[in-house]
Amino acid sequence: MAGGNDRSMKALKEVWRRAENSLCADCGKPDPDWASSTLGVFICLSCSGIHRNIPSISKVKSLKMDHWDDAQVQFLAKHGNAVTKATYEAHIPIYYYQPTYNDCQVLREQWIRAKYERKEFTKPGEHLPYSDGVKEGILWKRGRDNGQFLPRKFLLSEREGCLKYFTKQDAKEPKINVKIDVINATFQPVKIGNPNGLQITYLKDNKTRNIFVYHESGKEVVDWFNAIRSVQFHYLKVAFPIASDNEIKNRLTRNFLKEGYMEKTGPKQREAFKKRWFTLDHRRLMYFKDPLDAFAKGEVFVGSRENGYSVQKGLPSGTQGNFSWHYGLTIVTPDREYLFTCETETDQLDWIAAFTSVINQAMTPQEYASKCLDPVSFLS
């Protein structure tokens, strides 16, 4: 009996060591140590918890702690991540957001359910709820002034190339009507305080406006997210007919590079430092008094190194403003220096890394144009 166990364990390790199985089949996390004995995929601990919630589809076991019999090992050997992906990910729309292990629970769960439970990507031409070019429904939206979440009707239209929302169900005119090409959407469960929280951001007069929404259904809010990406993709295909699909895909919704609290001082650099919430959205650094503010109190454009931008650890000698946090950093631009302090050294180094990643990228012609049109800078 022991010999049979040893044989099964050896065979299991051989399958486990295959290159195709070195990353989680669902989120891409390295070194997965769980597997589904019914689907034949190797997955990480976090994704195994999601699989466990759909027991009719997937039964998961630890590769290290659980016993695998010969039949189960042979099933894994016959399938594995490559074969299973070829079935369940055969026809994913290019605009569909495929989450990684850094993404939030609702995105990863709905990705897994879409693949294995709903089998949305197994057949070509499958009708998908986010691919119609129009979506209408209720989302709970946070009030700009009172902070209360209230149900609001939203309408997304590919034909009109816009997203609208209405304060009343029977309202004929929308409260906002936003062009689809200036919209970003990113999941913010922690900041919004809801596991299905979605932040919709758009530019109004080249200034950033935030809308915070959620839906009780994880599937519904992820469908809204992918519907926005679908409409954006088809809009940009028309606007940029010679661009490749991958080039357009890279211009769809994006996650923020970094968010968190820092202290800032004013342009004279003698004022007391004030604690503010900062968001780095590619080349736009914005600050808010509260993380859920509708409008940024100020923005600054972060250009490239070849255009005179840099980030430096610490503050200039002789900095006079009073500050309570002591891990400083300085953003140098052609016009002035911006001074910040962080609460911890880890925060300081993370912010420096985020700024460096932006500054090291060459600016696109569109970024040059936006900088020239509106050289946004901090309000005092």
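Under the annotation held in an unreviewed UniProt entry, the protein carries the name ADAP1 protein and is attributed to Ibidorhyncha struthersii. UniProt, in its Subcellular location (unreviewed entry) section for the protein, records the words "Cytoplasm".

Draft legend 1. Spatial organisation of the sheet that holds strand β11 (residues 258-264). Overall, antiparallel pairing links the seven strands, which are arranged β14-β13-β12-β11-β17-β16-β15 in an open sheet. Either end of the sheet is taken by a strand with one partner, and the two such strands are β14 (298-301) and β15 (310-313). Pairwise comparison of adjacent strand axes, ignoring direction, gives a mean angle of 35 degrees for this sheet. One ladder, built from five bridges, connects strand β12 (residues 274-281) with strand β13 (residues 284-288); its direction is antiparallel. Bridge pairing in β13 places Trp-277 opposite Phe-288. Of the strands in this sheet, β11, β12, β13, β15, β16 (327-332) and β17 (337-342) are in contact with helix α9 (residues 345-359), which crosses β15 at around 160 degrees.

Draft legend 2. Broad picture of the sheet that holds strand β5 (residues 149-157). Overall, antiparallel pairing links the seven strands, which are arranged β7-β6-β5-β4-β10-β9-β8 in an open sheet. The open sheet terminates on both sides in strands that have one partner only, identified here as β7 (176-179) and β8 (183-187). Taking the axes of each pair of neighbouring strands and ignoring which way they run, one obtains an average angle of 35 degrees across the sheet. The pairing of β5 with strand β6 (residues 162-166) spans five bridges and is classified as antiparallel. Following the sheet pairing, Leu-156 is matched in β6 by Leu-163.

Draft legend 3. Structural view of the packing of aromatic side chains. Per the stated rule, a full pass over the model turns up 19 aromatic pairs. Between the aromatic rings of Trp-140 and Tyr-214, the centroid separation amounts to 6.2 Å while the plane-to-plane angle is 10 degrees, which identifies the pairing as stacked. Separated by 74 residues along the polypeptide, Trp-140 in strand β4 (residues 134-142) and Tyr-214 in strand β10 (residues 207-214) bring together distant segments of the chain. Judged by its relative accessible area of 25%, Trp-140 falls in the partly exposed class. With a relative accessible area of 16%, Tyr-214 lands in the buried category. An angle of 70 degrees between the planes, with centres 6.3 Å apart, marks the rings of Phe-301 and Tyr-309 as edge-to-face. On the basis of relative accessible area, Phe-301 is assigned to the buried category, the value being 8%. Here Tyr-309 falls in the buried class, since its relative accessible area comes to 5%. Put simply, the rings of Tyr-95, Tyr-96, Trp-111, Phe-121, Tyr-130 and Phe-233 touch in pairs and so form one group of aromatic residues. A cation over a ring is seen here: Lys-153 above Phe-166, with NZ or CZ 4.6 Å from the ring centre.

Definitions and cut-offs
- Residues numbered from 1 in each chain as written.
- Predicted model: local features only at pLDDT ≥ 70, side-chain atom pairs only at ≥ 80, totals over all residues.
- Heavy atoms only, no water.
- UniProt positions renumbered as here; feature names shortened; annotations may be inferred.
- Pairing = 2+ DSSP bridges.
- Helix = DSSP H or I, 4+ residues; strand = E, 2+ residues; numbered from the N terminus.
- Axes fitted to C-alpha atoms, helices over the stretch in contact; angles between N-to-C directions.
- Contact = heavy atoms within 4.5 Å.
- Phe/Tyr/Trp six-rings, centres within 6.5 Å; stacked < 30°, edge-to-face > 60°.
- Buried < 20%, exposed > 50% of the residue type's maximum accessible area, 1.4 Å probe, protein only.
- Lys NZ or Arg CZ within 6 Å of the ring centre and 35° of its normal.

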